[in-house]
Amino acid sequence: MLKISKEKLNGLYSKISASMPLYMPLKKAGEANYGLWADGEESALGVLKTVKSPKDLFFPQSETMMKFKTEGKSIEILDVREEQKPFVLFGVKACDFKAFDVLDRVFLAEPVDTYYQSRRSAGIIVTLACSRPEESCFCKVFGIDAAEPAGDVTTWLDEKYLYWRANTEKGNALTESVKELFENGGEKEVSAQQKKTREIIEKLPFSHLDLSRFKPENLNELFDASEWESLSEACLGCGACTFVCPTCQCFDIRDFKTNEGVIRYRCWDSCMYSDFTQMAAANSRTTQLQRYRQRFMHKLVYYPSQHEGLYSCVGCGRCVNKCPQHLNIIKVVKTLGGKAHD
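Calculation criteria
Residues numbered from 1 in each chain as written. Predicted model: local features only at pLDDT ≥ 70, side-chain atom pairs only at ≥ 80, totals over all residues. Heavy atoms only, no water. Pairing = 2+ DSSP bridges. Helix = DSSP H or I, 4+ residues; strand = E, 2+ residues; numbered from the N terminus. Contact = heavy atoms within 4.5 Å. Axes fitted to C-alpha atoms, helices over the stretch in contact; angles between N-to-C directions. Salt bridge = Lys/Arg side-chain N within 4 Å of Asp/Glu carboxyl O. Buried < 20%, exposed > 50% of the residue type's maximum accessible area, 1.4 Å probe, protein only. Disulfide = S-S within 2.5 Å. Polar contact = N/O pair within 3.5 Å; in protein donor to acceptor, adjacent residues only side chain to side chain.

1. Structural notes on the sheet that holds strand β6 (residues 87-92)
Argument step 1. Spatial ordering of the open sheet is given by β3-β2-β6-β7-β8-β9-β1-β10, a layout of eight strands whose pairing is mixed. At either end of the open sheet lies a strand with only one pairing partner, and these are β3 (31-36) and β10 (183-184).
Argument step 2. Pairing of strand β2 (residues 22-28) with β3, which is carried by six bridges, proceeds in the antiparallel orientation. Residue pairing in the sheet places M24 in a bridge with G35 of β3.
Argument step 3. Packed on one face of the sheet, helix α3 (residues 114-122) meets β6 and β7 (123-128) and runs near 65° to β7.

2. Some points on the pattern of salt bridges
When their charged atoms lie close together, side chains carrying opposite charge are able to pair.
Argument step 1. All chains considered together, the criterion is met by 23 salt bridges.
Argument step 2. For E180, the salt bridge identified is with K15, shortest N-O distance 3.5 Å. Remark: K15 occurs in helix α1 (residues 9-17) and E180 occurs in the loop between α4 (169-178) and β10; sequence separation between them is 165 residues.
Argument step 3. Exposure remark for K15: the relative accessible area of 32% places this residue in the partly exposed category.
Argument step 4. For R132, the salt bridge goes to E159, with nearest N and O atoms at 3.3 Å.

3. Some points on the state of the cysteines
Argument step 1. Counting across every chain of the model gives zero disulfides.
Argument step 2. Looking at the unpaired C130, the closest cysteine sulfur is the one in C95, lying at 6.1 Å.
Argument step 3. C250 takes part in no disulfide bond, and the closest cysteine sulfur to it belongs to C271, at a distance of 5.6 Å.
Argument step 4. Take C250: its relative accessible area is 31%, and that puts it in the partly exposed class.

4. With respect to the environment of D255
Argument step 1. Examined against the element boundaries, D255 turns out to sit in strand β11 (residues 251-258).
Argument step 2. Given a relative accessible area of 45%, D255 falls into the partly exposed group.
Argument step 3. Residues D255 and K67, 188 residues apart in the sequence, show an inter-C-alpha distance of 9.0 Å.
Argument step 4. Among residues more than four places away in sequence, those in contact with D255 are V262, I263 and R264.
Argument step 5. In terms of polar contacts, D255 uses its side chain to reach the side chain of R264, at 2.7 Å.

What follows is the structure in C-alpha cells.
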C-alpha cells in the first residue's frame, strides 16, 4: 500500500491530468459534482455524495448519436463517434462503483451499446472509501462494503493522508505513472478507518431494511398490493429521483433539424413522466400510481429477476435527500418489505 500527504494531492492531480483527462468531485456554485479537473479548481473529494452520480461519464445526460445530411431525396449518415482516449475517474464511492455493474448489464449485453462500451473501456476508475457515512445511506442492504470499494485503484482518505492500492492492470499502470509522489505504508491506518466506518454503518437507521419479500415469485402479489395508492398519492412526477439515481438507464432518442441537416441525439428520460413511452395510440401507464409502481418494481423485482438477484439500487441515498415529497425507495421497502408485511 502507498500513501501521499493531503498537501501533495494537487501535485497528484496535476501529474495525472498531464497525461490524460482527470474527472473528480469539484465544488461549483455551492454544490459538489463530477467535473474535469484543472489547476485552480476546488476539489470536493471529502464530500460524501455528489449531487449527480458519476454515471454521466459513461452514459451522458445528453449525447449526439449521429447526424444526417439531406440533399433532395438523398440522405447521408454521418458517424460522429470519436475514438475514446483513456481518462481517470477519481473519488468514486463504493455505491456508485456498484452502480456501474447495474449499467453494464444493460448497455454491454447484446446488442452492445458501443457509445457506452467505448467510454467504459477507456475509463480508469479510482474509488474512495467512505469514512463518514450519513443517515440516508443504506448501501449495506445491497451487500456493498463502503469501507472496501472495488475499482482499478482503491483509496482511503483521513486527516493527513490519501492511501492508495492498485487492484487491476489499469490500476497498476496508473500507479506506476505517479509512484514517485508516494511513500510506502498505511495498512494500519486503513484498517482502523475501515473498522470505524463499518461500526457507523451498523448503527445507521436504514442499514437493516428487509428485502425478503421482493422476489420474482411474489411479483403478482407485490404488483397488486393496495399500498401503492397511499405510497404514490403525493408524487409530483418531477423525476428528481431518476436524475440523481446512479442506476437509472432510461433514455429518449429524438431528431433535431438544423440548417446543416438533422441531428439524432439521446437524453436521459424518466419513468415518472406522464409522456414516458408515449405511443401513437396512448400511454401504457396513465396514472402516477402506475408510474410510481413501475419505478420501484423495476428496482426491486423486475431487474433482479433478470440479473441473478442483483437489485437496481445501490443504497446511495440520493433519492432520500432529493425527493421533495419524501417518497423514496426506503418508504416502499418499509411498507411492502418482509417484516412490514408479516
